[in-house]
Amino acid sequence: MNKPVLVSFLVSGDPNPDATLKFMKALDKYSGVIELGIPFSDPVADGPTIQAADVRALSNGFKIAKSFEVLKEFRKESDTPVILMTYYNPVFKRGIETFVMQAKEAGANGLIIVDLPLQEATEYREICKKHEMGTVFLAAPNTPEERLKISDEASTEFLYLISTFGITGARESFEQMTFDFIKRARTTCKGKICVGFGISKGSHAESLIEQGADGVIVGSAFVDIIKNYGDSEEALVKLEELAKELSEGIEKGYEKRNK
Amino acid sequence: MTCEGYFGEFGGQYIPEVLMPAIDELKEAYSELKDDEEFQNELSYYLKNYAGRETPLYYAENLTKKLGGAKIYLKREDLLHGGAHKTNNTIGQALLAKRMGKTRIIAETGAGQHGVGTSMAGALFGLETEIFMGRLDTERQQPNVFRMKLLGAKVTPVDTGSKVLKDAVNEAMRNWTATFENTHYLIGTVMGPHPFPTIVRDFQSVIGKEVKKQIMEQEGRLPDHLVACIGGGSNALGLFHAFIQDKDVRMVGIEAAGKGLNTSLHGASISKGKKGVLHGMLSYFLQDEDGQIEEAYSISAGLDYPGIGPEHAYLHDSGRAEYASATDDQALNAFMELTRSEGIIPALESSHAVAYAIENAGNMDKDEIMVINLSGRGDKDLNTVIDIMQKRGM
């Protein structure tokens, strides 16, 4: 991804696996990367929107193996990079190597494990390297410089910049802190940097890309649409509309940056 | 990057990145303060003059005679200010928070004892206090909810997940990620990311230190058995810690078997759980084959956490401590037995430990000594017990 991209997040199995596949296809046209969440019973880094999506999926009997199946189906039609996002326990329970191999076989390009910080990730990183699975680590505005460098080096796909303190969820606007953080990461990091948490509008995407981000990660705003419209044609239309708005914002931000 | 805070393979720091600086700050502050004489003196002052330490080690002669075996001693944490051992930790951590310049403390609570303890410490040290409590727990622990509010705390019912303790932990962690600059998360048991399990253990270890001194005064020797109930495990570790090097002292933790270990309704994360990672630590958790965390159940709201502190997981795997369980019915019987034989109404949590004595003390020699940690008093549980007794027509 040389031009900035939209990273679109969905919870697999919300509200059912067939719908997830349709949603992925709808978002594919405007997305540089699709981030597919594997539902977890206790998603402490996520806000109410994504937790509710996890609950919808799990209460419909969703199993992790289904996430892999959905991805396999998607792969039949698209080469768009897909990053699987989950918490550490589902990976640990399956066995890290088994999980990585199954994800690889399904066609995943990388993994994000939100509660596996760098200092606990040595074995995980070795296994990912062995199976050529990409890794994405997170950094927050308060991450010290040295740790930011190491996180950047450990992230093969992109470094996930958390826009602010707190949990996921759509926000109205961004603080100066977020812009300062992007500038700091831009100077420090060699790899790609994508910003997530709280992005829901084209204007958000525009301003974050203008500051130097390589991508914006949008989750709760898409999940909100699914909450409101469920498995319906209308949901597909709304998802595509929002993805289009966001990618136009990205385009504008990129133009402003290069002026 | 080095890993920190492990007990054998258990423990660690499995947390979202945004919490790393807060955890680092806490680790540094605590490593400075734990050996700081002034801080320790201040802590001792409040434990003695505010909380009422030391608590008695009481020889339960009537119960001992009735069971006809080992001599049973009760460590009376039920007499501590607040009615449970929780106060040891809340005073310690609130002082720590104050020294770190925090103006607000938050906590999770199940039975409400830790919430009450935190609210007391908040009132005492002038810290704004917010308590997260599962909606179901707020309903079954009304008296404690009222106490917290009286003490000036904001009580926030949690409606996510199964609306019990683990969901309150999730919500407190979420709140902390957004507020850590002015807020200390006052974790209530020996769980969570490093350094929490160590900090809570250190503040609770006063229990075992006192027992060691008291039993030497009363019996001239160390006890043979230490027994304590286990939810997250803080009262048990508080009792055990001073004795870990004394290999002849047996340590037994009692988990909640709820409706029975062969049912899905229990809270026995060591007996029936599997290794896993949640709430910042690698330990034992009740979970399904996909690694989704399962709900725990116990008649006692303080024991229905689906995990266990990492040091307990280590003590179990290394064989240094033993872990058994008691069902709801056994705990209720023990509740009645202790109330009738000694005139002491125990918390339903502590009743699980008393149940172990009722099952086993009779088979032990009369010169053996068993110390049970009576972690809290039962006033808060009266509604639960009365309901059950009425249903049974007692």
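Residues numbered from 1 in each chain as written. Chains lettered and ligands numbered in written order. Predicted model: local features only at pLDDT ≥ 70, side-chain atom pairs only at ≥ 80, totals over all residues. Heavy atoms only, no water.

As named in an unreviewed UniProt entry, chain B is Tryptophan synthase beta chain, taken from Methanococcus maripaludis. Checking UniProt for chain B, the heading Pathway (unreviewed entry) contains the comment "Amino-acid biosynthesis; L-tryptophan biosynthesis; L-tryptophan from chorismate: step 5/5." (UniProt positions renumbered as here; feature names shortened; annotations may be inferred.)

The name given to chain A in UniProt is Tryptophan synthase alpha chain, with the source organism recorded as Methanococcus maripaludis. The Catalytic activity field of the UniProt record for chain A holds the comment "(1S,2R)-1-C-(indol-3-yl)glycerol 3-phosphate + L-serine = D-glyceraldehyde 3-phosphate + L-tryptophan + H2O".

With that out of the way, let us pick up the overall build of chain B. Broken down by element type, chain B carries 16 helices and 14 strands. Here the C-alpha coordinates of chain B stretch approximately 55 × 45 × 40 Å along the principal axes. Counting across all 394 residues of chain B, residues that qualify as buried make up 64%. Of the contacts formed within chain B by residues at least 6 apart in sequence, a portion of 73% connects residues at least 24 apart. Counting every atom, chain B has about 13,700 Å² of accessible surface; 48% of that belongs to carbon and sulfur. (Helix = DSSP H or I, 4+ residues; strand = E, 2+ residues; numbered from the N terminus. Buried < 20%, exposed > 50% of the residue type's maximum accessible area, 1.4 Å probe, protein only. Contact = heavy atoms within 4.5 Å. Areas by Shrake-Rupley, 256 points an atom, 1.4 Å probe, with all protein chains shown as cover.)

Moving on, we get to the overall build of chain A. Helix and strand counts for chain A stand at 11 helices and 9 strands. Its C-alpha atoms give chain A a radius of gyration of 17 Å, near enough to 18 Å, the size a compact globule of 259 residues would have. In terms of overall dimensions, chain A has C-alpha extents of about 45 × 45 × 30 Å along its principal axes. The buried share of chain A, reckoned over its 259 residues, is 62%. Accessible surface, chain A: about 9,800 Å² in total, of which carbon and sulfur atoms supply 49%. A distance of 2 Å separates the average location of the 32 positive side-chain charges in chain A from that of its 39 negative side-chain charges. (Rg over C-alpha atoms; globule rule 2.2 N^0.38 Å. Lys, Arg positive; Asp, Glu negative; His and termini not counted. Charge placed at Lys NZ, Arg CZ, Asp CG, Glu CD.)

Before going further, it helps to examine the pattern of salt bridges. If you walk through the whole model with that rule in mind, you get 52 salt bridges over all chains. Two residues, Lys 256 of chain A and Glu 210 of chain A, come together in a salt bridge whose shortest N-O distance is 4.0 Å. Of this pair, Lys 256 of chain A sits in helix H11 (residues 233-257) while Glu 210 of chain A sits in helix H9 (residues 202-210), and the two are 46 residues apart along the sequence. Glu 210 of chain A sits in the partly exposed class, given a relative accessible area of 34%. Lys 66 of chain B is the partner of Glu 337 of chain B in a salt bridge, and the nearest nitrogen-oxygen pair spans 2.8 Å. You can see Glu 337 of chain B sitting in helix H14 (residues 328-342) and its partner Lys 66 of chain B sitting in helix H3 (residues 61-67), a full 271 residues away along the chain. Since its relative accessible area comes to 56%, Lys 66 of chain B is described here as exposed. One continuous salt-bridge network, built from bridges that share partners, spans Arg 53, Lys 75, Glu 77 and Glu 210 of chain B. (Salt bridge = Lys/Arg side-chain N within 4 Å of Asp/Glu carboxyl O.)

Let us look at the nonpolar core. If you look at the biggest cluster of nonpolar residues, it comprises 101 residues, and the most contacted ones within it are Leu 84, Leu 111, Tyr 124, Leu 161, Val 216 and Phe 222 of chain A together with Val 371 of chain B. It is H11 of chain A that contributes the most residues to this core, 7 residues altogether. The two domains that each donate at least three residues to this core are domain 1 (8-48 + 86-196) and domain 2 (54-83 + 205-392) of chain B. If we skip the residues at most four places from it in the chain, Leu 84 of chain A touches Leu 36, Ile 38, Phe 68, Leu 71, Ala 103, Ala 108, Gly 110, Leu 111 and Ile 112 of chain A. (Core = buried A, V, L, I, M, F, W, Y, C linked by side-chain atoms within 4.5 Å. Domains from an automatic or database assignment.)

The next subject is the environment of Glu 77 of chain B. All names here are of chain B. In this structure, Glu 77 sits in the loop between strand E4 (71-76) and helix H4 (86-99). Put simply, Glu 77 and Asn 88 are 11 residues apart on the chain and 9.7 Å apart in space, counted from C-alpha to C-alpha. Once residues within four sequence positions are removed from consideration, Glu 77 is found in contact with Arg 53, Thr 55, Gly 83, Ala 84, His 85, Asn 88, Ile 207, Asn 373, Leu 374 and Ser 375. In this structure the side chain of Glu 77 is engaged in a polar contact, spanning 2.7 Å, whose partner is the side chain of Arg 53. At a separation of 3.2 Å, a polar atom in the side chain of Glu 77 contacts the side chain of Asn 88. (Polar contact = N/O pair within 3.5 Å; in protein donor to acceptor, adjacent residues only side chain to side chain.)

With that settled, the discussion passes to the packing of aromatic side chains. On inspection of all chains with the given rule, the structure shows 15 aromatic pairs over all chains. Of the aromatic side chains, those joined through ring pairs into one cluster are Tyr 88 and Phe 92 of chain A together with Tyr 14 of chain B. One Lys or Arg, Lys 71 of chain B, reaches over the ring of Tyr 59 of chain B and ends 5.0 Å from the middle of that ring. A cation sits over an aromatic face here: Lys 212 of chain B above Phe 243 of chain B, 5.4 Å from the ring centre. (Phe/Tyr/Trp six-rings, centres within 6.5 Å; stacked < 30°, edge-to-face > 60°. Lys NZ or Arg CZ within 6 Å of the ring centre and 35° of its normal.)

Moving on: the interface of chain B and chain A. Each partner contributes residues to the interface: chain B has 37 residues there, and chain A has 37 residues. Both faces combined, the contact of chain B with chain A buries some 3,200 Å², and carbon together with sulfur accounts for 54% of it. The tally of links between chain B and chain A comes to 5 salt bridges. Asp 290 of chain B is the salt-bridge partner of Arg 94 of chain A, the closest N and O atoms lying 3.1 Å from each other. Inspection of the chain B/chain A interface yields 20 residue pairs in polar contact (both at pLDDT 80 or more). Contributing elements (two or more residues each) for the side of chain B that touches chain A: strand E2 (10-14), helix H1 (20-33), helix H8 (165-179) and strand E11 (274-278) of chain B. Of all the elements, H8 of chain B adds the most residues to the side of chain B that touches chain A, at 6 residues. The residue inventory of the side of chain B that touches chain A, partitioned by class, reads 16 nonpolar, 12 polar and 9 charged. (Buried area = accessible area lost by both parts, 1.4 Å probe. Nonpolar A, V, L, I, M, F, W, Y, C, P; charged D, E, K, R; others polar.)

Let us look at the sheet that holds E2 of chain B. With antiparallel pairing, 4 strands are arranged side by side in an open sheet as E1-E2-E12-E11 (chain B). On the outer flanks of this sheet lie strand E1 (6-7) and E11 of chain B, each paired with one strand and no other. (Pairing = 2+ DSSP bridges.)

Attention now moves to the UniProt feature "domain: Tryptophan synthase beta chain-like PALP" (unreviewed entry) in chain B. In the numbering used here, UniProt assigns the feature "domain: Tryptophan synthase beta chain-like PALP" (unreviewed entry) to residues 51-376 of chain B. Helix makes up 41% of residues 51-376 of chain B and strand 21%. Its end C-alpha atoms lie 13 Å apart.

A few words on the packing of helix H7 (residues 145-154) of chain A against helix H8 (residues 176-188) of chain A. All names here are of chain A. Packing of H7 against H8 leaves a shortest axis separation of 10 Å and a crossing angle of 65°. Considering how the two elements wind past one another, H7 and H8 form a crossing that is right-handed. Across from Glu 145, Leu 148, Lys 149 and Asp 152 in H7, the residues of H8 making contact are Phe 181, Arg 184, Ala 185 and Thr 188. Its residues assigned to classes, the contact of H7 with H8 comprises 3 nonpolar, 1 polar and 4 charged. (Axes fitted to C-alpha atoms, helices over the stretch in contact; angles between N-to-C directions. Left-handed = near helix turned anticlockwise from the far one by under 90°.)

Next up on the list: the domain arrangement of chain B. All names here are of chain B. One can read the domain layout of chain B as domain 1 (8-48 + 86-196) and domain 2 (54-83 + 205-392). Taken over C-alpha atoms, the centre of domain 1 sits 23 Å from the centre of domain 2. Each partner contributes residues to the interface: domain 1 has 33 residues there, and domain 2 has 39 residues. When domain 1 packs against domain 2, the two sides together hide about 2,900 Å² of surface, and 61% of this comes from carbon and sulfur. In terms of surface lost to domain 2, no three residues of domain 1 exceed Phe 10, Lys 166 and Val 190, which account for 23% of the buried area on that side. On the surface where domain 1 and domain 2 come into contact, there are 2 salt bridges. The interface formed by domain 1 and domain 2 contains 10 residue pairs in polar contact (both at pLDDT 80 or more).

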